[in-house]
Amino acid sequence: MTRTAKLSFYFIIFIIFGLIGLWMPLLGDDLHWGTYFGSNYFPQGIFLKYDGRYLGDLLVISITKIKPLSFIAYGTFMTLIVFLVQKIRDQIKAPKSLGLVSSSLMTIAILITPKVIFKQILGWHAGFANYVPSVVFPLFMLYLVLKNYDKEIHYYRTVVILIFLASIMAQFFAEHVTLLNCFNSVLIWLFLRKHFGTEFKKILNWILLGNFIGAFFMFINGAYLKILFGKDSYRSVSGSAKADTMFNYLKTQFTPKTLITVGVLLLLFSIIVILYSYKIKDVRLRIANLFLLLSGFVVIAPFLVVSPFGSRCMFATYALFSTIIVINIDLLTDTYEKYIFPVFALIALVLGVRMDLIARNYGQTFDMQIEYSEFQNTIDSKNQYYLQYQDTHYIWLTTLIQDDPNFAELYVKNNNRNKIPINYYDWVDVQDQLQNKHFANRDDYMKAFNKGILEKVKLIQQKQQK
């Protein structure tokens, strides 16, 4: 019964995140990756000089080309993060009941990720493909450390090989997490090695080797030499005032009041975690808290000098710090697990359904944008009308749809027409008016839709003249 309940829970989480991936529109360079650039990326050897995110790039090409794969990828990696957080908690102390409080809380934490981060992680396929999978290995590493701390556990050769391969492949997603993995494996090897059994000491050696092999193959990519010598037009390791490094990004994106508030909260959070960790007797919880806290700062440290920095770069830190909060809340409320789990699970479900509906709305808008643009390609008009999104709270819209060169290149035949944006509520009103009418085919529907848009534009112009 317990096994069935757990499988059902994780299946629901998988579906929730999978639907977000399935329905979220392709934005910005997602269209670039999903078409000609992605098709030529590996066959023409572009990857040799573009970056070392070989698996991340392969993933973004796959999920932008094949929709069902985006469903599987979003569902798999997000569920895996949630699952690993629960496993970390379970290694600290065995749960009294189902043991899904941490999973529920972590799901909630991901679904309420600050919008500025969310839109570049779950609202942008290219951001997801590199920055979400990369978080898995640091959590997996912590799980292995806690599982083997002061224990002798036997591992089959197949498992050892898989862990070694994972330590290599984990390095091909995001550079800052690649560096974090190397940092963590060295730190664990230096300070915790004596607490492991003979078999895990060997595995730790393989992980250390695998992390550095992966990092080597990432950073020998031709792109990084260009970056190092300042010959890359987009990326740099300068730390200059003009570079879009972390501090410069934060100064331009947020008010001083916001930055001071967040800075004070982070300082208080760090002090509380450190003091609480040294006060508690549970060594595993102390290791988990300090590991996650240190990793959260180390993973973002490269962006002090590396640019460009974007809110997506904060996801790893957000996930690691959220894990601290989640596992400690779970452990502190352990006695009441059977009462609080249904509450947290219900909150996670409600938030998940809400986000699925938001993603579905974005996706429907994107599909209608394409269909209407392709219809306009077949008619004679001096204007090109672009359907707007309801909002951009959860999607990474780098430019307005009418100014997006990737969208225009793929779906607009005559880019010299007058570009006129159509407000979301105006074009949805036209859809509502056509909802109960019967049309022989889709082309007739689009003709009626276009007529409704023209009438809306005429009314708007009349109001403006008055």
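Computed from a predicted structure; not experimentally measured.

Scoring rules and cut-offs
- Residues numbered from 1 in each chain as written.
- Predicted model: local features only at pLDDT ≥ 70, side-chain atom pairs only at ≥ 80, totals over all residues.
- Heavy atoms only, no water.
- Helix = DSSP H or I, 4+ residues; strand = E, 2+ residues; numbered from the N terminus.
- Rg over C-alpha atoms; globule rule 2.2 N^0.38 Å.
- Buried < 20%, exposed > 50% of the residue type's maximum accessible area, 1.4 Å probe, protein only.
- Domains from an automatic or database assignment.
- Contact = heavy atoms within 4.5 Å.
- Buried area = accessible area lost by both parts, 1.4 Å probe.
- Axes fitted to C-alpha atoms, helices over the stretch in contact; angles between N-to-C directions.
- Parallel < 35°, antiparallel > 145°, perpendicular 65-115°, else oblique.
- Left-handed = near helix turned anticlockwise from the far one by under 90°.
- Expected span 1.5 Å × (residues − 1).
- Patch = residues over 30% accessible without salt bridge, like charges linked within 9 Å, V, L, I, M, F, W, Y side chains within 5 Å.
- Areas by Shrake-Rupley, 256 points an atom, 1.4 Å probe, with all protein chains shown as cover.
- Salt bridge = Lys/Arg side-chain N within 4 Å of Asp/Glu carboxyl O.

1. Digging into the overall build of the protein chain
Then, in step 1: Helix and strand content of the protein chain: 22 helices and 4 strands.
Then, in step 2: Taking 466 residues into account, the globule formula puts the C-alpha radius of gyration at 23 Å, and the protein chain, at 25 Å, falls close to it.
Then, in step 3: Across its three principal axes, the protein chain shows a C-alpha extent of roughly 75 × 55 × 50 Å.
Then, in step 4: For the protein chain, with 466 residues in total, the buried portion stands at 52%.

2. Topic: the domain arrangement of the protein chain
Then, in step 1: Partitioning the protein chain into domains gives domain 1 (1-349) and domain 2 (357-465).
Then, in step 2: Placing the centre of domain 1 and that of domain 2 at their C-alpha centroids yields a distance of 37 Å.
Then, in step 3: Tallying the contact residues gives 19 residues for domain 1 and 20 residues for domain 2.
Then, in step 4: Between domain 1 and domain 2 lies a buried interface of about 1800 Å² when both sides are counted; carbon and sulfur atoms form 68% of it.
Then, in step 5: Together, Trp23, Leu31 and Lys119 form the three largest contributors to the area buried by domain 1 at its contact with domain 2, with a combined 31%.

3. Some remarks on the packing of helix α17 (residues 283-298) against helix α18 (residues 315-332)
Then, in step 1: Interaxial distance between α17 and α18 falls to 8 Å at its minimum, and their mutual angle equals 160°. Here α17 is positioned roughly antiparallel relative to α18, judged by the angle of their axes. In this structure, α17 meets α18 at a crossing whose hand is left-handed. On the side of α17, the interface is formed by Leu285, Ala288, Asn289, Leu292, Leu293, Ser295, Gly296 and Phe297, while α18 contributes Thr317, Leu320, Phe321, Thr323, Ile324, Ile327, Asn328 and Leu331.

4. Some thoughts on unusual backbone geometry
Then, in step 1: Cis geometry is found at the peptide bond from serine 307 to proline 308, where omega equals 10°.
Then, in step 2: If you check the backbone angles, aspartate 150 has positive phi at about 55° while not being a glycine.
Then, in step 3: Structurally, the position occupied by aspartate 150 is in the loop between α10 (136-148) and α11 (157-169).
Then, in step 4: According to the relative accessible area criterion, aspartate 150 is exposed, its value standing at 53%.

5. Here we look at helix α5 (residues 54-65)
Then, in step 1: Here α5 is 12 residues long and its end C-alpha atoms lie 17 Å apart, about the 16 Å a rise of 1.5 Å per residue gives.
Then, in step 2: By the burial criterion, the buried members of α5 are Tyr54, Gly56, Asp57, Leu59, Val60, Ile61, Ile63 and Thr64.
Then, in step 3: Looking at the buried residues of α5, the elements they touch are α2 (29-33), α3 (36-41), α4 (47-50), α6 (67-92), α9 (125-131) and α13 (198-219).

6. Section: a nonpolar patch on the surface
Then, in step 1: A contiguous nonpolar patch, built from Phe11, Ile12, Leu346, Leu349, Val350, Val353 and Leu357 and spanning about 660 Å² of accessible area, is present on the exposed surface.
Then, in step 2: Counting residues per element, the ones that place at least two in the nonpolar patch are α1 (2-23) and α19 (337-376).
Then, in step 3: Considering every element that reaches the nonpolar patch, the biggest residue donor is α19, with 5 residues.
Then, in step 4: If you trace the backbone, leucine 346 turns up in helix α19.
Then, in step 5: You can call leucine 346 exposed: its relative accessible area is 51%.

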